[in-house]
Amino acid sequence: MLTIYNLSLYADNTKLDEIIKNNELKVCIWPQYYGISYIDKRTQKLIGIDSDLAVELAKDLNVNLTYVQSSFPTLINDIKSDKCDIAMFAIGNTKQRKEQMRFTSAHLQSDIYAITSKTNKKINSWEDIDKKGVIIAVAKGTYHEPIMKNKIKNAQLLIINSFKEREDEVQSGRADVFITDYPYGVKMIKKTSWARLISPKSTYHLTPYSWTMAYGNDDFYNRVERFIKKIKKNGRLKNIAIKNGLKPIIKLD
């Protein structure tokens, strides 16, 4: 069960001091992100690379772990309001977000993909997407929104408020494709019978995925950076990525 807490501030302590003193690491997650931080409907357990790595980070700090529910639309406010100590759900490192939050070193990197329906006759390849008469759904608040606004020249861009609504628009035929990344694309193929994955023939727009926290808090930030270097070097990151089906997008450098 996901629990939301308000963090009490101690003026004389750093963020890392507070975490150790409270014996608790509060980690923001988005529990609908397949392969990243995803509640399995069958077991009701949280699975994914970043939920696994949150466990590892808490162990490394020798504190208890509390997951705090967040989302991409609320992420910046959740971080700036100190709702959690760190957000760990494969957050795309973009210029706009970097102005609001502090990013760690990247551990994953994904290109952009599209999902269409098996019955859609207009979309057979990536080149079919940006054509007149094509409707492209993009989830509001994701990094895909500004990228596609900049790249799309001929198709119509439909900004959707929720990830589920984005899927519904394509499945119903009201939109031709929706834009996503590698982990979510894998989910659609594995978890639905109607979806078809459209991949770019060459690199379209690679985006590094990281964790985020508030600016400042240098002791905590540096401690997390040491953790990331360690799991890259000792194989933990690679093994957990493979376990969650994300080997193609691991970033080990």
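As the structure is a prediction and not an experimental result, all values here were calculated from the model.

## So, the overall build of the chain
Move 1: The helix and strand inventory of the chain stands at nine helices and 14 strands.
Move 2: Taking 2.2 N^0.38 as the reference for a compact globule, 253 residues should give roughly 18 Å; the C-alpha atoms of the chain span a radius of gyration of 19 Å, in line with that estimate.
Move 3: Overall size of the chain, expressed as C-alpha extent along the three principal axes, is 60 × 35 × 30 Å.
Move 4: Looking at the 253 residues of the chain, the share that counts as buried comes to 53%.
Move 5: When contacts within the chain are restricted to residue pairs at least 6 apart in sequence, long-range pairs at least 24 apart make up 70% of them.
Move 6: For the chain, the exposed area adds up to about 12,300 Å²; of that, 47% sits on carbon and sulfur atoms.

## Some details on the packing of aromatic side chains
Move 1: Summed over the entire model, instances satisfying the criterion amount to 13 aromatic pairs.
Move 2: Between tryptophan 126 and tyrosine 204, the aromatic rings sit 4.9 Å apart at their centres with planes inclined by 65 degrees, giving edge-to-face as the arrangement. Of this pair, tryptophan 126 sits in the loop between β9 (113-117) and β10 (135-139) while tyrosine 204 sits in the loop between β13 (195-198) and β14 (207-213); the two residues are 78 residues apart in sequence, bridging distant segments of the chain.
Move 3: Of the residues examined, tryptophan 126 reaches a relative accessible area of 11% and is grouped as buried.
Move 4: Relative to tyrosine 184, the ring of phenylalanine 178 has its centre 6.5 Å away and its plane inclined at 75 degrees; by these criteria the two rings are edge-to-face. Both residues of the pair, phenylalanine 178 and tyrosine 184, count as buried.
Move 5: Members of the aromatic cluster, connected to one another through ring pairs, are Trp30, Tyr33, Phe72, Phe89, Phe163, Phe178 and Tyr184.
Move 6: One cation-aromatic arrangement involves arginine 166 over tyrosine 184; the distance from NZ or CZ to the ring centre is 4.7 Å.

## Regarding the layout of surface pockets
Move 1: What the largest pocket holds in volume is close to 320 Å³.
Move 2: Gln32, Tyr38, Ile39, Lys41 and Lys187 are the residues nearest the centre of the largest pocket, which is lined by 14 residues in total.
Move 3: Looking at the lining of the largest pocket, the elements that each hand over two or more residues are β3 (37-39), α6 (163-172) and α7 (182-191).
Move 4: Among the residues forming the lining of the largest pocket, the class breakdown is five nonpolar, two polar and seven charged.
Move 5: As a volume, the second largest pocket reaches approximately 220 Å³.
Move 6: Gln96, Arg97, Gly141, Thr142 and Pro146 are, among the 13 residues lining the second largest pocket, the residues nearest its centre.
Move 7: A per-element tally of the lining of the second largest pocket places helix α5 (residues 144-151) first, with three residues.
Move 8: Across the lining of the second largest pocket, the residue classes tally to six nonpolar, four polar and three charged.

## A closer look at the sheet that holds β10
Move 1: Strand order in the open sheet formed by five strands is β11-β10-β12-β9-β13, and the pairing between neighbours is mixed. Because the sheet does not close on itself, it has two edges, and the strands there are β11 (156-160) and β13. Recorded for the sheet is a direction-independent mean angle of 30 degrees between the axes of neighbouring strands.
Move 2: Taken together, the five bridges between β10 and β11 define a ladder with parallel strand orientation. Bridge assignment links valine 138 to a residue of β11, and that residue is isoleucine 159.
Move 3: Those strands touched by α6 are β9, β10, β11 and β12 (177-180), and its axis lies near 145 degrees from that of β12.

Cut-off values and rules
Residues numbered from 1 in each chain as written. Predicted model: local features only at pLDDT ≥ 70, side-chain atom pairs only at ≥ 80, totals over all residues. Heavy atoms only, no water. Helix = DSSP H or I, 4+ residues; strand = E, 2+ residues; numbered from the N terminus. Rg over C-alpha atoms; globule rule 2.2 N^0.38 Å. Buried < 20%, exposed > 50% of the residue type's maximum accessible area, 1.4 Å probe, protein only. Contact = heavy atoms within 4.5 Å. Areas by Shrake-Rupley, 256 points an atom, 1.4 Å probe, with all protein chains shown as cover. Phe/Tyr/Trp six-rings, centres within 6.5 Å; stacked < 30°, edge-to-face > 60°. Lys NZ or Arg CZ within 6 Å of the ring centre and 35° of its normal. 1 Å grid on protein atoms, 1.4 Å probe; cavity = no way out; pocket = protein on both sides within 12 Å on 5 of 7 lines; lining within 4 Å. Points joined across faces, edges and corners; volume = space filled by probe spheres on them. Nonpolar A, V, L, I, M, F, W, Y, C, P; charged D, E, K, R; others polar. Pairing = 2+ DSSP bridges. Axes fitted to C-alpha atoms, helices over the stretch in contact; angles between N-to-C directions.

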